[in-house]
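Remarks on the overall topology
Listed here are the chains, written in short residue letters.
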Amino acid sequence: MHVVVNAAMSADGKLSSRRREQIAISGEADFERVDRLRADSDAVVVGVGTVLADDPHLTVKDETLRGQRRENDRPANPARVIVDSSGRTPPDAAVLDDAATTYVCLSEAASVERRAALADRAELVTAGDERVDLLRAFATLQEQGLEQLMVEGGGELIFSLFEAGLVDELRVFVGPKIIGGRDAPTLADGEGFVADFPSLDLESVDRLDDGVVLTWRVADR
Ligand SMILES: NC(=O)C1=CN([C@@H]2O[C@H](COP(=O)(O)OP(=O)(O)OC[C@H]3O[C@@H](n4cnc5c(N)ncnc54)[C@H](O)[C@@H]3O)[C@@H](O)[C@H]2O)C=CC1
Ligand SMILES: Nc1nc(O)c(N)c(N[C@@H]2O[C@H](COP(=O)(O)O)[C@@H](O)[C@H]2O)n1
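Quick notes on the rules
- Residues numbered from 1 in each chain as written.
- Chains lettered and ligands numbered in written order.
- Predicted model: local features only at pLDDT ≥ 70, side-chain atom pairs only at ≥ 80, totals over all residues.
- Heavy atoms only, no water.
- UniProt positions renumbered as here; feature names shortened; annotations may be inferred.
- Near = heavy atom within 4 Å.
- Polar contact = N/O pair within 3.5 Å; in protein donor to acceptor, adjacent residues only side chain to side chain.
- Areas by Shrake-Rupley, 256 points an atom, 1.4 Å probe, with all protein chains shown as cover.
- Helix = DSSP H or I, 4+ residues; strand = E, 2+ residues; numbered from the N terminus.
- Nonpolar A, V, L, I, M, F, W, Y, C, P; charged D, E, K, R; others polar.
- Pairing = 2+ DSSP bridges.
- Salt bridge = Lys/Arg side-chain N within 4 Å of Asp/Glu carboxyl O.
- Buried < 20%, exposed > 50% of the residue type's maximum accessible area, 1.4 Å probe, protein only.

Under an unreviewed UniProt entry, the name given to the protein is 2,5-diamino-6-(ribosylamino)-4(3H)-pyrimidinone 5'-phosphate reductase, and the source organism is Haloarchaeobius amylolyticus. You can read under Pathway (unreviewed entry) in the UniProt record for the protein the words "Cofactor biosynthesis; riboflavin biosynthesis."

**Quick word on the site of ligand 2**
Around ligand 2 there are 18 residues in total, and Ile 25, Ser 26, Arg 38, His 57 and Lys 61 lie nearest to it. Contacts to ligand 2 include Leu 58, whose backbone N or O atom sits 2.9 Å from an oxygen atom. In the complex, 86% of the free accessible area of ligand 2, which totals 520 Å², lies under the protein chains. Elements supplying a minimum of two residues to the shell around ligand 2: α1 (28-39) and α2 (48-54). Looking at side-chain class alone, the shell around ligand 2 contains 8 nonpolar, 5 polar and 5 charged residues.

**Section: the pairing of strand β6 (residues 148-153)**
Residues in a regular strand point their side chains to alternate faces of the sheet. In this structure, strand β1 (residues 2-10) lies alongside β6, joined through 4 bridges in parallel fashion. Residue Val 4 lies in a different strand from β6, and its bridge partner there is Met 150. Both strand β2 (residues 43-47) and β6 contribute to a ladder of 4 bridges, which runs parallel. When the bridges of β6 are listed, Val 46 appears paired with Gly 153.

**Remarks on the pattern of salt bridges**
For the coordinates displayed, the defined rule picks out 11 salt bridges. Note that Asp 120 and Arg 121 form a salt bridge whose closest N and O atoms lie 3.3 Å from each other. Look at Asp 120 and you get exposed, because its relative accessible area is 63%. Arg 217 is the partner of Glu 169 in a salt bridge, and the nearest nitrogen-oxygen pair spans 3.2 Å.

The following block contains the structure:
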């Protein structure tokens, strides 16, 4: 399995404002880059915080890219994966429509009622007691044939994936905005590291729109 984390952050490292509203940090060229990355992936992964904040669709927007996937005997869109301990994903969320297969990764803490509300719209994967055990959940996704994973956020999930040692590559668009705010989500939130900080090897720096795309490989820990 290969896991790429991709996100757009402001020049001061924020993914969105303190109101957790989605902000256009990147421009058209970056959305096209993200669309190509989605098209190259078997699945696009987000945390439930992102679903609740943005109601994203997580599909490939360019018809030509969807057509190329079909020509290669792949579904038009990659699968979608939501990491959602207690099953808070709203049943009418855009990510649960029939444009692609959606997996919801739950923990044992998800109630029977929440599972029933999601079961006819998504494949349910259970791993972990209170929170989703990401190592186990990703192993199950791999058993389903999902090898190339693209993680789009948010900051809580991205931190946990680094903590679990599951990230192979980090691609960040750094955009020309200051968002500020101590409570605004950053690229990696969660508890934060105090030692054994994951190290990154810089692979490329590319100017795009009025920002820059940084591509890093995660060094072995
Ligand atoms: N600029 C960008 O590229 C992006 C920005 N965003 C922004 O990020 C914000 C949402 O991010 P967050 O609130 O951090 O939520 P998140 O999307 O990272 O989801 C976190 C939630 O996932 C669940 N979860 C279950 N097991 C977990 C585990 N082992 N580790 C971590 N989480 C686990 C928990 O319910 C947790 O609250 C929104 O404001 C959204 O707009 C989100 C994606 C991309
Ligand atoms: N690449 C990028 N640039 C930004 O400026 C953004 N705010 C985001 N956000 C991500 O895009 C998702 C929306 O996906 P759909 O268009 O609904 O398919 C959103 O949830 C964030 O993951 N990305």
